[in-house]
Amino acid sequence: MPETHTPTHPRKTALAPDVRRLDERAARAWTERMAVRPLGDGRYAVDSQSGATYVVDLPEGSCTCPDSQLRHQRCKHLRRVGIEITTRRVPAPGKRAATCAACGIETFVPEDDDEPQLCAACRLENGDVVRDREADDRLVVVRVTPERAHEVVIEGVGETVADYATNAGYPRDDLVVEVVYLSDLTRSASPRRYSFPLSRLERVDDAEIVDRNLRDRVPV
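Model, not experiment: these values are computed from the prediction.

All chains considered together, the criterion is met by 0 disulfides. The thiol sulfur of Cys 75 is not disulfide-bonded, and the nearest other cysteine sulfur, from Cys 65, lies at 3.6 Å. Relative accessible area serves as the criterion here: at 1%, Cys 75 is assigned to the buried category. Of all cysteine sulfurs in the structure, the one in Cys 122 sits closest to Cys 119, which takes part in no disulfide; the separation is 3.6 Å. Using a relative accessible area of 2% as the deciding quantity, one classes Cys 119 as buried.

Take a look at the structure:
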């Protein structure tokens, strides 16, 4: 049985500073009870300890609270949004929360990301070079599909990707990735596409493998 790939997801958690060394606004940003909710386009609603709700606009560097509007200060709400982003409690501007379609963890993806949404450990992009764990061949990613291995029938074979002999042991509900063989890119302007389960593929460093001119031949 082949060894399946379990992605690792390192998480960096910012440690709270010694608030005694911070100015008043920074200390309150760390210690007061606030709830931060992303609104999109870099805007966040902040429910403050006082019961009021303010809107922080990170691209503008502004907040609707009096401290920002009247005193033109970098208020505790702006600072708290920055803390929540750094500690990965809320997505940064341009990102939104999603569940990785491959491994199921909660992650942040671009706001305009199409299906399937994938975390950084599982994400493959068009043109990425990957290694087939079974044959050690180098392949080039065309796209990650939203279909699962047990749903996609291999043309000319009549079996699903999950039922294909060399895919035994990989998850039947694995996402299907369309790829072309790297060697085929050098020989054909229209290389044949093949379907692989995502966890059978391992991303590799393509710096010395793929000539940049070949990337223009990757199907879209």
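Leu 124, Val 177, Val 179 and Leu 201 are the most contacted members of the largest nonpolar core, which has 15 residues in total. Only β8 (138–148) and β9 (175–181) provide two or more residues apiece to this core. Setting aside residues up to four positions removed in sequence, Val 177 forms contacts with Leu 124, Val 141, Arg 143, Val 144, Tyr 194, Ser 195, Phe 196, Leu 198 and Leu 201. Grouped together as the second largest cluster of nonpolar side chains are 13 residues, Met 34, Cys 65, Cys 75 and Val 90 included.

Another aspect to go through is the confidence of the model for the protein chain. Here the protein chain averages 87 in pLDDT, while 86% of its residues score no lower than 70. Counting interchain partners and residues more than four positions distant, the pLDDT-below-50 stretch residues 1–6 has 12 contacts. Per-residue pLDDT stays below 50 along residues 8–14; that stretch engages in 10 contacts with residues further than four places along the chain or on separate chains.

The residue Thr 145 is located in strand β8 in this model. Taking relative accessible area as the criterion, Thr 145 reaches 2% and is therefore assigned buried. For Thr 145 and Val 177, which are 32 residues apart along the polypeptide, the C-alpha to C-alpha distance reads 5.8 Å. In contact with Thr 145, other than residues within four places in its own chain, are Pro 116, Leu 175, Val 176 and Glu 178. Polar side-chain contacts of Thr 145 include one of 3.1 Å to the side chain of Glu 147.

On to helix α3 (residues 76–86). Within α3, 9 of the 11 residues are buried, which leaves the element mostly enclosed by the surrounding structure. For α3, the complete set of buried residues consists of Lys 76, His 77, Leu 78, Arg 79, Arg 80, Val 81, Ile 83, Glu 84 and Ile 85. Next to the buried residues of α3 lie α1 (24–31), β1 (35–40), β2 (43–47), β3 (53–57) and β4 (62–63). Directly after α3, the chain includes Arg 88, whose backbone phi takes a positive value near 60°.

Read across the open sheet, the 4 strands follow the order β1-β2-β3-β4; overall the sheet is antiparallel. A single partner strand is all that each edge strand has here, and the edge strands are β1 and β4. Two strands pair when backbone bridges link them, and β2 and β3 are joined in this way by 5 bridges, in the antiparallel orientation. The residue of β3 that forms the bridge with Tyr 44 is Val 56.

With that settled, consider a negative patch on the surface. A contiguous patch of negative charge on the surface is contributed by Asp 41, Glu 111, Asp 112, Asp 114 and Glu 115. Along the chain, the position of Glu 111 falls in the loop between β6 (106–110) and β7 (129–132).

Before going further, it helps to examine α1. Restricting attention to buried positions, one finds in α1 the residues Ala 26, Ala 27 and Ala 29. Along the axis of α1, the buried positions cluster into a sector of 160°, meaning they face one direction only. Opposite the buried face of α1, at more than 90 degrees from it, the exposed residues are Glu 24 and Thr 31. Of the surrounding elements, those touching the buried residues of α1 are α3. Measuring from the side-chain oxygen of the N-cap residue of α1 to the backbone nitrogen of Arg 25 gives 3.1 Å; that N-cap residue is Asp 23.

On to the sheet that holds β7. The strand order across the open sheet built from 5 strands is β10-β9-β8-β7-β11, with neighbouring strands paired in antiparallel fashion. Both edges of this open sheet fall to β10 (194–197) and β11 (201–203), since each of them pairs with a single strand only. Ignoring strand direction, the axes of neighbouring strands in this sheet form an average angle of 50°. Sheet topology places β7 next to β8; 3 bridges connect them, and they run antiparallel. Looking across to β8, one finds that Val 129 is bridged to Val 140.

Rules of the game
- Residues numbered from 1 in each chain as written.
- Predicted model: local features only at pLDDT ≥ 70, side-chain atom pairs only at ≥ 80, totals over all residues.
- Heavy atoms only, no water.
- Disulfide = S-S within 2.5 Å.
- Buried < 20%, exposed > 50% of the residue type's maximum accessible area, 1.4 Å probe, protein only.
- Core = buried A, V, L, I, M, F, W, Y, C linked by side-chain atoms within 4.5 Å.
- Helix = DSSP H or I, 4+ residues; strand = E, 2+ residues; numbered from the N terminus.
- Contact = heavy atoms within 4.5 Å.
- pLDDT = per-residue confidence, 0-100.
- Polar contact = N/O pair within 3.5 Å; in protein donor to acceptor, adjacent residues only side chain to side chain.
- Pairing = 2+ DSSP bridges.
- Patch = residues over 30% accessible without salt bridge, like charges linked within 9 Å, V, L, I, M, F, W, Y side chains within 5 Å.
- Areas by Shrake-Rupley, 256 points an atom, 1.4 Å probe, with all protein chains shown as cover.
- Salt bridge = Lys/Arg side-chain N within 4 Å of Asp/Glu carboxyl O.
- Lys, Arg positive; Asp, Glu negative; His and termini not counted.
- Charge placed at Lys NZ, Arg CZ, Asp CG, Glu CD.
- Arc of directions from axis to C-beta.
- Axes fitted to C-alpha atoms, helices over the stretch in contact; angles between N-to-C directions.

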